[in-house]
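Structural overview
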2 protein chains.
Amino acid sequence: MADRDDIDALIALMARLPGLGPRSARRAVLHLVRRRGSLLTPLAELMATVADSARECLTCGNVDTAEICGICRDPKRSSSLLCVVEDVADLWAMERSGQFRGRYHVLGGTLSALDSVGPDELRIPKLVDRVSSEGVEEVILALNATIDGQTTAHYIADQLEGRVPISSLAQGVPIGGELDYLDDGTITAALNARRRV
Amino acid sequence: MADRDDIDALIALMARLPGLGPRSARRAVLHLVRRRGSLLTPLAELMATVADSARECLTCGNVDTAEICGICRDPKRSSSLLCVVEDVADLWAMERSGQFRGRYHVLGGTLSALDSVGPDELRIPKLVDRVSSEGVEEVILALNATIDGQTTAHYIADQLEGRVPISSLAQGVPIGGELDYLDDGTITAALNARRRV
Ligand SMILES: [Zn+2]
Ligand SMILES: [Zn+2]
């Protein structure tokens, strides 16, 4: 049995989602309450299922429901091409373009002196391991065209220099642009025109 | 056991919330997956609880967890003052102001010829009943200052004419409002309703 406090608590939790503030959280909760059968109950069940099973892939950092994600397990995907992204959202954006048939490595952020994020806070040591152990023949740096993204790309290029050819997404990614905001065609063009660094 | 499809299904459901599109739904789901213990699991549980228990108050239309809502049950609130609002969100907004100590009547929308919404689609017959049966001494029309809101207010005023005094919220410049940011209609209304100081 719930009481009115549960509705308020639900609004407060919803307001913690990115993109929702208190007002839009209230709207969302009213919307959900009016669609109990078609939306609120399925959402509650799916959230419980995902909470039980979603995890970060031990190899690449993608979010999936297995210890090793579907992309890393897929034998049709080339293990010789490794695409490095900052964030899982960027990996998903690359996948939506449907052009890349290699594997990924999710850093989990960018180097940032300001926020004290060093290489060990990211998955850079693991990246260096993978390049050695998985027979990677090309590393594609698909980092955001921001200062921190490019600083991180340079650092990784230094770490991997002499071990493997490295390329980066072509111009086409606008200055200051974040992958997750780009349309699929832009990502495809940038991928096809990737350059050695 | 979930699979990757559950994550996609969760994104699709989240994208049906007002204020979230596909991109912000993906961001929200990644945010939730990274905060499984602190956010995703509590949210799933609270949604399930609210789905079981939230309902519209049989008297006023407020969303609550009892058949008759807390406001309608509160003996300290005057039953002689009845505030008519379009939507539960408007009722909640009035409550946040903390000024009104009467009861509410939620219409559930506005009259709209375009969308074929007539008086029986709203809770107008129920409003007329309540005015007769609950000893209401004043009806306050707190409808939005839109064309449909004002059309609905005029219709209700006609229905209740001679039965009960009717008032409406004053129109004017909001507290902290800058004239330069207000639309002409608001300025006109504020000018017409000017008061001696
Ligand atoms: Zn993986
Ligand atoms: Zn009520």
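Residues numbered from 1 in each chain as written. Chains lettered and ligands numbered in written order. Predicted model: local features only at pLDDT ≥ 70, side-chain atom pairs only at ≥ 80, totals over all residues. Heavy atoms only, no water.

1. As for the overall build of chain A
The helix and strand tally for chain A stands at 8 helices and 7 strands. For the C-alpha atoms alone, the extent of chain A along its principal axes is close to 65 × 35 × 35 Å. Across the 197 residues that make up chain A, the buried fraction comes to 51%. Contacts spanning at least 24 positions in sequence make up 57% of the contacts within chain A whose residues lie at least 6 apart. Carbon together with sulfur atoms contributes 49% to the accessible area of chain A, which is approximately 9000 Å² in total. When the 22 positive and 28 negative side-chain charges of chain A are each reduced to one mean point, those points stand 7 Å apart. (Helix = DSSP H or I, 4+ residues; strand = E, 2+ residues; numbered from the N terminus. Buried < 20%, exposed > 50% of the residue type's maximum accessible area, 1.4 Å probe, protein only. Contact = heavy atoms within 4.5 Å. Areas by Shrake-Rupley, 256 points an atom, 1.4 Å probe, with all protein chains shown as cover. Lys, Arg positive; Asp, Glu negative; His and termini not counted. Charge placed at Lys NZ, Arg CZ, Asp CG, Glu CD.)

2. Regarding the pattern of salt bridges
All names here are of chain A. What the rule picks out here adds up to 6 salt bridges over all chains. Among the ionic pairs, Glu95 bridges to Arg77, the shortest N-O distance being 2.8 Å. Linking Glu95 in helix 5 (residues 88–97) with Arg77 in the loop between helix 4 (70–73) and strand 3 (81–85), this pair joins segments that are 18 residues apart in sequence. For Arg77, a relative accessible area of 5% translates into the label buried. (Salt bridge = Lys/Arg side-chain N within 4 Å of Asp/Glu carboxyl O.)

3. Overview of the UniProt feature "zinc finger region: C4-type" (unreviewed entry) in chain A
The positions that UniProt labels "zinc finger region: C4-type" (unreviewed entry) are, in the present scheme, residues 57–72 of chain A. The span residues 57–72 of chain A is 19% helical and 12% strand by assignment, and the distance between its end C-alpha atoms comes to 8 Å. (UniProt positions renumbered as here; feature names shortened; annotations may be inferred.)

4. A word on unusual backbone geometry
The residue Ser116 of chain A is not glycine, and still its phi comes out positive at about 50 degrees. For Ser116 of chain A, the location among the structural elements is in the loop between strand 4 (103–106) and helix 6 (124–133).

5. Overview of the layout of surface pockets
All names here are of chain B. When its volume is computed, the largest pocket comes out at roughly 670 Å³. Residue lining of the largest pocket: 21 residues in total, with Leu143, Ala145, Leu169, Ala170 and Gln171 positioned closest to the centre. Looking at the lining of the largest pocket, the elements that each hand over two or more residues are helix 7 (147–160) and helix 8 (184–192). For the lining of the largest pocket, the element with the most residues is helix 7, which contributes 5 residues. Of the residues belonging to the lining of the largest pocket, the class tally is 11 nonpolar, 9 polar and 1 charged. (1 Å grid on protein atoms, 1.4 Å probe; cavity = no way out; pocket = protein on both sides within 12 Å on 5 of 7 lines; lining within 4 Å. Points joined across faces, edges and corners; volume = space filled by probe spheres on them. Nonpolar A, V, L, I, M, F, W, Y, C, P; charged D, E, K, R; others polar.)

6. Some points on the packing of helix 1 (residues 4–14) of chain B against helix 2 (residues 22–34) of chain B
Residue and element names in this part refer to chain B. Axis separation between helix 1 and helix 2 bottoms out at 8 Å; the angle between their running directions is 125 degrees. As the angle between them shows, helix 1 and helix 2 are arranged oblique. Between helix 1 and helix 2 the crossing geometry is right-handed. Here Ile7, Leu10, Ile11 and Met14 of helix 1 lie close against helix 2, whose contacting residues are Pro22, Ala25, Arg26, Ala28, Val29 and Leu32. Residues belonging to the contact of helix 1 with helix 2 are distributed by class as follows: 9 nonpolar, no polar and 1 charged. (Axes fitted to C-alpha atoms, helices over the stretch in contact; angles between N-to-C directions. Parallel < 35°, antiparallel > 145°, perpendicular 65-115°, else oblique. Left-handed = near helix turned anticlockwise from the far one by under 90°.)

7. Quick word on the coordination of the zinc ion (ligand 2)
Residue and element names in this part refer to chain B. Only Cys57 (SG), Cys60 (SG), Cys69 (SG) and Cys72 (SG) from the protein coordinate the zinc ion (ligand 2), and they sit 2.3 Å from it. Taken together, the 4 donor atoms coordinating the zinc ion (ligand 2) span angles of 105 to 115 degrees at the metal, a pattern that classifies the geometry as tetrahedral. Sequence spacing of the donor residues for the zinc ion (ligand 2), all on one chain, is C-x2-C-x8-C-x2-C. Placement of the pair is Cys60 in the loop between strand 1 (55–56) and strand 2 (63–64) and Cys72 in helix 4 (residues 70–73), with a sequence separation of 12 residues. (Donors = N, O, S within 2.8 Å, 3.2 Å for Na, K, Ca; no water. Tetrahedral: all angles 85-135°; square planar, octahedral: opposite > 155°, others 65-115°.)

8. Some details on the sheet that holds strand 6 (residues 166–168) of chain B
Residues and elements named next belong to chain B. Sheet architecture is open: 4 strands sit in the order 4-3-5-6, paired in parallel fashion. Since the sheet does not close on itself, it has two edges, and those belong to strand 4 (103–106) and strand 6, each with one partner. Sheet twist, expressed as the mean angle between neighbouring strand axes with direction ignored, is 25 degrees. Looking at chain direction, strand 3 (residues 81–85) and strand 4 are connected through 4 bridges and run parallel. Within strand 4, the position partnered with Leu82 by the bridge is Arg103. Here helix 5 (residues 88–97) sits on the sheet in contact with strand 3 and strand 4, set at roughly 160 degrees to strand 4. Where helix 7 meets the sheet, it contacts strand 3, strand 5 (138–141) and strand 6, and its direction lies at approximately 170 degrees from that of strand 5. (Pairing = 2+ DSSP bridges.)

9. Comments concerning the packing of helix 1 (residues 4–14) of chain A against helix 3 (residues 36–53) of chain B
Close contact between helix 1 of chain A and helix 3 of chain B brings their axes to 10 Å; oriented N to C, the two are set at 145 degrees. Along this stretch, helix 1 of chain A crosses helix 3 of chain B, giving a crossing that reads as left-handed. Of helix 3 of chain B, the residues touching helix 1 of chain A (which contributes Asp6, Ile7, Ala9, Leu10, Leu13 and Met14 of chain A) are Leu39, Pro42, Leu43, Leu46, Met47, Thr49 and Val50 of chain B. Split into classes, the residues belonging to the contact of helix 1 of chain A with helix 3 of chain B amount to 11 nonpolar, 1 polar and 1 charged.

10. What to know about the confidence of the model for chain A
Residue and element names in this part refer to chain A. Of all residues in chain A, 95% have pLDDT values of 70 or greater, and the mean over the chain is 88. Least confident of the elements in chain A is strand 7 (residues 195–196), whose mean pLDDT is 70; most confident is strand 4, at 97. Here the prediction assigns the complex a pTM of 0.76, and the interface score ipTM is 0.78. (pLDDT = per-residue confidence, 0-100.)

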